[in-house]
Amino acid sequence: MMSVVADIPLFRIALGAGLGLLVALAANVLVLPRVLAYQRSHQDRFKSRVTGRPGDMDRVRRSTILVYRFVMPLVFAFVFGYAAYSLGANG
């Protein structure tokens with residue numbers, strides 16, 4: 001019965017997208033706090049690439065959180081869904 005359901009392309013895509021969202025959630029929980037701690041500990045060495053002066057670390061922190069919480073789940077869901085569809089079509 002499972003092989004019949006797994007043959008439906010939409011099911012494979014949804015399964016891959018769900019796995020991608022789980023990976024993004026794990027990155028949010030496990031990796032994001034470490035990245036923010038690293039940024040905080042190295043903020044004295046941060047310089048803007050445009051002006052060469054010390055940069056706005058609050059803006060960098062907000063941008064990092066935005067990418068981890070919104071952009072990465074979208075990208076991971078799409079890529080994992082496409083990979084599941086492609087692997088199912090070819091395998």
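Scroll up to find the structure this text is about.
Just so you know, these numbers come straight off a predicted model, no measurement behind them.

Definitions and cut-offs
- Residues numbered from 1 in each chain as written.
- Predicted model: local features only at pLDDT ≥ 70, side-chain atom pairs only at ≥ 80, totals over all residues.
- Heavy atoms only, no water.
- Helix = DSSP H or I, 4+ residues; strand = E, 2+ residues; numbered from the N terminus.
- Contact = heavy atoms within 4.5 Å.
- Buried < 20%, exposed > 50% of the residue type's maximum accessible area, 1.4 Å probe, protein only.

**Points about the overall build of the chain**
Part 1 of the argument: Within the chain one finds 3 helices and 0 strands.
Part 2 of the argument: The linear arrangement of helices and strands in the chain, starting from the amino end, is α-α-α.
Part 3 of the argument: Restricting the contact set of the chain to residue pairs at least 6 apart, pairs at least 24 apart contribute 66%.

**A few points about the environment of L22**
Part 1 of the argument: Its place among the elements puts L22 in helix α2 (residues 9-41).
Part 2 of the argument: Overall, L22 belongs to the exposed group, its relative accessible area being 55%.
Part 3 of the argument: Between the C-alpha atoms of L22 and F76, which are 54 residues apart in sequence, the distance is 9.1 Å.

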